[in-house]
Amino acid sequence: MTQKSPELATSVRNFSVQLSPTPRGARLARLLATEQLRSWGLPLDPAAHIVAELAANAVTHGRVPGRDFLLLLYVVGGTLRIEVTDTCGDRLPHPQHPAPETESGRGLTIVEALADRWGTSPGLPPRKTVWAEVALSPEPGNPVSGDAGGLPQGTNQ
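Nothing here was measured: the structure is a model prediction, and the numbers come from that model.

The rules behind these values
Residues numbered from 1 in each chain as written. Predicted model: local features only at pLDDT ≥ 70, side-chain atom pairs only at ≥ 80, totals over all residues. Heavy atoms only, no water. Helix = DSSP H or I, 4+ residues; strand = E, 2+ residues; numbered from the N terminus. Buried < 20%, exposed > 50% of the residue type's maximum accessible area, 1.4 Å probe, protein only. Polar contact = N/O pair within 3.5 Å; in protein donor to acceptor, adjacent residues only side chain to side chain. Contact = heavy atoms within 4.5 Å. 1 Å grid on protein atoms, 1.4 Å probe; cavity = no way out; pocket = protein on both sides within 12 Å on 5 of 7 lines; lining within 4 Å. Points joined across faces, edges and corners; volume = space filled by probe spheres on them. Nonpolar A, V, L, I, M, F, W, Y, C, P; charged D, E, K, R; others polar. Axes fitted to C-alpha atoms, helices over the stretch in contact; angles between N-to-C directions. Parallel < 35°, antiparallel > 145°, perpendicular 65-115°, else oblique. Left-handed = near helix turned anticlockwise from the far one by under 90°.

(A) Quick look at the side chain of serine 121. Looking at the element boundaries, serine 121 is found in strand β4 (residues 117–122). In this structure serine 121 comes out as buried when scored by relative accessible area, which is 18%. Among the polar contacts listed, one links the side chain of serine 121 to the side chain of tryptophan 131, at a separation of 3.4 Å.

Set out below in structure tokens:
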């Protein structure tokens, strides 16, 4: 007797790109993520803002000359996960509360406000990954969208 295994009810979409740890690389991360989200038919906000902040942090605080950073986007069920991996694993991020007149230092506060969840995961030394998850609104008639719960997590913030 031959049995067929049931098909997965959830498709997985993913995109990854390795970029230089420069302001141009951070800008390219946002642009490429925006185009990928558009091609998947997903909303650009707040994901594009989250990518911009995480990539800017990787370039500013996680930069090691000659070592690129990695942007990874994937969707499982109703969750978009954004990951940025850099090669400065000894410097873990934490939200700051700068003075109102300060021009920088609000990136993770923005991520915290826009994402449903975010955190860090250690990688192979010397790497670390900063991730954020965004719940996607269910699309009528689309069996692969909607609330399927979060993805595996590292350190929650």
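There is more to say after this.
(B) Structural context of the environment of leucine 92. Relative to the helices and strands, leucine 92 resides in the loop between β3 (79–86) and α3 (107–114). The exposure class assigned to leucine 92 is exposed, which follows from its relative accessible area of 54%. Excluding residues within four positions of it along the chain, leucine 92 makes contact with Thr120 and Lys128.

(C) Highlighting the layout of surface pockets. Within this model, the largest pocket holds a volume of roughly 540 Å³. Considering the residues around the largest pocket, the lining is formed by 25 residues, among which Asn57, His61, Gln96, Gly105 and Leu108 are closest to the centre. A per-element tally of the lining of the largest pocket places helix α2 (residues 47–60) first, with six residues. Its residues assigned to classes, the lining of the largest pocket shows nine nonpolar, ten polar and six charged.

(D) How the structure looks around the packing of helix α1 (residues 23–40) against α2. α2 packs onto α1 with a crossing angle of 155 degrees between their chain directions and a minimal axis gap of 9 Å. One way to sum up the angle between α1 and α2 is to call them roughly antiparallel. Once α1 is placed against α2, the crossing between them reads as right-handed. For the pair formed by α1 and α2, the contact residues are Pro23, Ala26, Ala29, Arg30, Ala33, Thr34 and Leu37 on the first element and Ala47, Ala48, Val51, Ala52, Ala55, Ala56 and Val59 on the second. Its residues assigned to classes, the contact of α1 with α2 shows twelve nonpolar, one polar and one charged.

Nothing here speaks to function; it is geometry throughout.
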